[in-house]
Amino acid sequence: RQRARFEGIDGVFTNAMMNSAMIAEFCPLDQQSQTMLSRAMERLSLSARAHNRIIKVARTIADLEAKPNIEPQHISEAIGYRSLDRENWGR
């Protein structure tokens, strides 16, 4: 899925390599997903970089489920991974 998505884009092979413009193009969020992510950003005091990372992980989760769009459960799962990462940061 990622190979097909980034075909013809030099130097980009995975979701993790997307820049902000690519995130906007390839990772549109529905209103429920956007609201969920915004609330998590506030609640967890996350940075803009973390915001983009969560979306990239959610895009990968959706790809693994063969879903064409990111759905709220993908955002929720990606937020969960980010929360786990923060709990173990610095250990």
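Please refer to the structure higher up on the page.
Residues numbered from 1 in each chain as written. Predicted model: local features only at pLDDT ≥ 70, side-chain atom pairs only at ≥ 80, totals over all residues. Heavy atoms only, no water.

Let us look at helix α4 (residues 48-64). With 17 residues, α4 should reach 24 Å at 1.5 Å per residue; the first-to-last C-alpha distance of 25 Å fits that figure. Taken together, the buried positions of α4 are occupied by A50, I54, I55, K56, A58, R59, I61, A62 and D63. A66 occupies a position one or two residues after α4 and carries a positive phi of about 60°. (Helix = DSSP H or I, 4+ residues; strand = E, 2+ residues; numbered from the N terminus. Expected span 1.5 Å × (residues − 1). Buried < 20%, exposed > 50% of the residue type's maximum accessible area, 1.4 Å probe, protein only.)

Enumeration according to the criterion identifies 2 salt bridges in this entry. A salt bridge links R59 to D63; the nearest nitrogen and oxygen atoms lie 2.9 Å apart. One end of the pair, R59, and the other, D63, are both in helix α4, 4 residues apart, so they sit about a helical turn from each other. Here the salt bridges do not stand alone but share partners, grouping R5, R59 and D63 into one network. (Salt bridge = Lys/Arg side-chain N within 4 Å of Asp/Glu carboxyl O.)

A word on helix α3 (residues 31-44). The first and last C-alpha atoms of α3 sit 20 Å apart over 14 residues, in line with the 20 Å expected at 1.5 Å per residue. Every buried residue of α3 is listed here: S33, L37, A40 and M41. With its buried residues spanning 105° around the axis, α3 presents them on a single face. Summarising the geometry of α3, the exposed residues directed more than 90 degrees from the buried face are Q31, Q32, R39, E42 and R43. (Arc of directions from axis to C-beta.)

With that settled, the discussion passes to the packing of aromatic side chains. For the coordinates displayed, the defined rule picks out 1 aromatic pair. Arranged with centres 5.5 Å apart and planes meeting at 85°, the rings of F6 and F26 form a pair that is edge-to-face. Taken together, the residues span a long stretch of sequence, with F6 in the loop between α1 (2-5) and α2 (20-26) and F26 in helix α2 at a distance of 20 residues. Given a relative accessible area of 2%, F6 falls into the buried group. The ring of F6 has R5 sitting right over it, with the charged end atom 5.9 Å from the ring centre. (Phe/Tyr/Trp six-rings, centres within 6.5 Å; stacked < 30°, edge-to-face > 60°. Lys NZ or Arg CZ within 6 Å of the ring centre and 35° of its normal.)

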